[in-house]
Every structure is written in structure tokens, then in C-alpha cells.
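Listed here are the chains, written in short residue letters.
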Amino acid sequence: MKEDKTMNIGRNDPCPCGSGKKYKNCCMNKNDIFSQIREVVKEQGYKDELADVLCRMLRYMQRKNWIGACHSTCSVIYVALRELGYELEICIGEVKAPAPYGLFDHSWITLDGKIIDMAIDMTLLGDRLSASKPIVLDRNVETKGRPFMIYGVRDGMGLNAEATRVLNTPFNAYMDSFRDEIDGLWGVLKYVLDKDINIDELKGKYVATERNYVKTEANDFTQHVEELKDKGLLSH
């Protein structure tokens, strides 16, 4: 595993969070969200390149005020990490959280069975209500604890019209349909990977991509906790 970039970066070097500012004028000596993402990735033994993608994705989301963009965010992260050699799934389903959040449709990524959810911090709930800080590899990057949300409840309300449309739209068509960039979400992908890409080649590779509709978890927090215990997944 590579050494974390923030360990070697100089005061006058570009900040690794992607802001374009010098490190000394940005994240140096700050416990900011980008440093927290890098810390979680490092603690779980993954390469810096994973943190690079997630930090650039979050920077784009913040700059564009990407509220409620879970489906788009996950589409871009999915392709970006696949291009770096990671095996992962792009998931869609219902997520349940305690009040005032409740039950809502959502998309997320799983890598080695661990949830990555950058959009949970910028939801459509309420007035840009943050249901949680970003979830990276099954960890809330701020608290380092497991997410309190239940991802993919099996006995919810069913997907609404918009989530159903996303589920049923061919992946390339969905990537093409984003209007804020000339090349659709492929243009966002270029920013997140920080390099030129061959869009036609990528379309050939991802034409058969399907979203995994997850509906396996209990829609009850008590039962959810018991199932986590049975699986040995409950954090202490």
C-alpha cells in the first residue's frame, strides 16, 4: 500500500483534496472531511487512488451543489473505480434511517461488500438535510462508526417513479443524459479520474452494466441490529 499523500505533501504543494489551493492554505492541520476520507481508506488497507477518486467526487459535488444526486454520483464512482481495477457493485434500493429521515430511495456502491455512499451528506430530505457524513467502506468518515442507516430494506414502500426510471434506464443512456456537462456524466468521470478518457471505448465496456436492486435487510432497527450481530458485523 502506498503511503498516504498527506504524509509527504509540502506546504506549498497543491492540496490533495482537489481544491486547487496550496496545502498550507487549505487542509494542512485541519481535520477536514477530505482528510477523514483518506484516513478511513488508509486504515482499511486500500490504495491512495481510491481516496483520490472519492475526494475529487466530493469536491465536484460541493462545487456544483449536487443535492440529491446519489444515482449520478454512484454511476461516476462505479466507472472510475472499475477503471482502476476494483470489483464492485452499483446498488439501488430503499434506505431507512431514524426520524426525521425515515425511508427513502437511494443509490450506493459496494466494494468488497462494504458500502461507499458519498451522496448521503447532500440529500433531498428537508432543506439539504445531511442524513450522515459520507460513508466510506462501511464507516462514517467523521465518527469512524458503522452507518446507522439500513441499506436495501426488504419490506419498504417500493421504489418511487424516479428511482424506477433510473433502475430501468440503460447505463450508457443514463450517463449520456446528464445535461450539466457537454459529455454528460462521462465529463464528470474525466474530472474524477483526473485524466483524458476515451468515451466511445468506455461505452463499449459498460453497455451491459446493470444496477443491483437490493431489498434484503430488515425494515426494523431492532431486527437489523440482531442480524448484524448474527453476521458478526456490529461495531463496538
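Look a little higher up for the structure.
For the structure given in this document, a descriptive report is provided here. (Residues numbered from 1 in each chain as written. Predicted model: local features only at pLDDT ≥ 70, side-chain atom pairs only at ≥ 80, totals over all residues. Heavy atoms only, no water.)

### Some thoughts on the overall build of the protein
Here is step 1 of the chain: Looking only at helices and strands, one finds 8 helices and 7 strands in the protein.
Here is step 2 of the chain: Within the protein, the fraction of its 236 residues that count as buried is 48%.
Here is step 3 of the chain: Of all intrachain contacts in the protein linking residues separated by at least 6 positions in sequence, the fraction that spans at least 24 positions is 59%.
Here is step 4 of the chain: In the form shown here, the protein has an accessible surface area of approximately 11,700 Å², with 46% of it arising from carbon and sulfur atoms. (Helix = DSSP H or I, 4+ residues; strand = E, 2+ residues; numbered from the N terminus. Buried < 20%, exposed > 50% of the residue type's maximum accessible area, 1.4 Å probe, protein only. Contact = heavy atoms within 4.5 Å. Areas by Shrake-Rupley, 256 points an atom, 1.4 Å probe, with all protein chains shown as cover.)

### Structural notes on the nonpolar core
In globular proteins that are soluble, nonpolar side chains generally tend to be buried together.
Here is step 1 of the chain: Membership of the largest hydrophobic core comes to 54 residues, with the highest contact counts inside it found for Ile37, Leu50, Met57, Trp66, Met118, Val136 and Val188.
Here is step 2 of the chain: With 9 residues, the top contributor of residues to this core is helix α2 (residues 48–64).
Here is step 3 of the chain: Apart from residues lying up to four places away in sequence, Trp66 is in contact with Met57, Tyr60, Met61, Ser72, Thr73, Met122, Phe178, Leu185 and Val188. (Core = buried A, V, L, I, M, F, W, Y, C linked by side-chain atoms within 4.5 Å.)

### Focus on the pairing of strand β1 (residues 88–97)
Here is step 1 of the chain: With 8 of 10 residues buried, β1 lies mostly within the body of the structure.
Here is step 2 of the chain: Bridge count for β1 against strand β2 (residues 102–111) is 10 bridges, and the pairing is antiparallel. Across the sheet, Ile90 pairs through a bridge with Ile109, a residue of β2.
Here is step 3 of the chain: Taking the residues between adjacent antiparallel strands as the criterion, β1 and β2 are bridged by 4 residues.
Here is step 4 of the chain: Where β1 and strand β7 (residues 212–214) come together, 3 bridges link them in parallel fashion. Bridge pairing links Ile92 to Tyr213 in β7.
Here is step 5 of the chain: Across 2 bridges, β1 lies against strand β6 (residues 150–151) in antiparallel orientation. (Pairing = 2+ DSSP bridges.)

### Regarding the state of the cysteines
Here is step 1 of the chain: This structure, assessed with the given rule, holds 0 disulfides.
Here is step 2 of the chain: Free cysteine: Cys70, not disulfide-bonded; nearest cysteine sulfur from Cys74 at 6.3 Å.
Here is step 3 of the chain: Under the relative-accessibility criterion, Cys70 is labelled buried at 7%. (Disulfide = S-S within 2.5 Å.)

### Observations regarding unusual backbone geometry
Here is step 1 of the chain: A positive phi is found at Asn65, a non-glycine position, where the angle reads about 55 degrees.
Here is step 2 of the chain: Locating Asn65 in the fold gives a position in the loop between α2 and α3 (70–83).
Here is step 3 of the chain: Classification of Asn65 by relative accessible area gives partly exposed; the value is 46%.
Here is step 4 of the chain: One non-glycine residue, Lys144, lies in the positive phi region at around 70 degrees.
Here is step 5 of the chain: Positionally, Lys144 belongs in the loop between β5 (139–140) and β6.

### A short note on the side chain of His106
Here is step 1 of the chain: The topology assignment puts His106 in strand β2.
Here is step 2 of the chain: A relative accessible area of 4% means that His106 is categorised as buried.
Here is step 3 of the chain: Of the polar contacts made by the side chain of His106, one reaches the side chain of Asp117; its length is 2.8 Å.
Here is step 4 of the chain: Setting aside anything within four residues of it in sequence, one finds His106 in contact with Cys70, His71, Cys91, Ile92, Gly93, Val95, Asp117, Ala119, Ile120 and Tyr151. (Polar contact = N/O pair within 3.5 Å; in protein donor to acceptor, adjacent residues only side chain to side chain.)

### A look at the environment of Ser72
Here is step 1 of the chain: Within the secondary structure, Ser72 sits in helix α3.
Here is step 2 of the chain: Ser72 sits 47 residues away from Ala119 along the chain, and the two C-alpha atoms are 9.3 Å apart.
Here is step 3 of the chain: Setting aside its immediate chain neighbours within four residues, Ser72 contacts Trp66, Tyr174 and Leu185.
Here is step 4 of the chain: One polar contact links Ser72 to Tyr174, side chain to side chain, over a distance of 3.0 Å.

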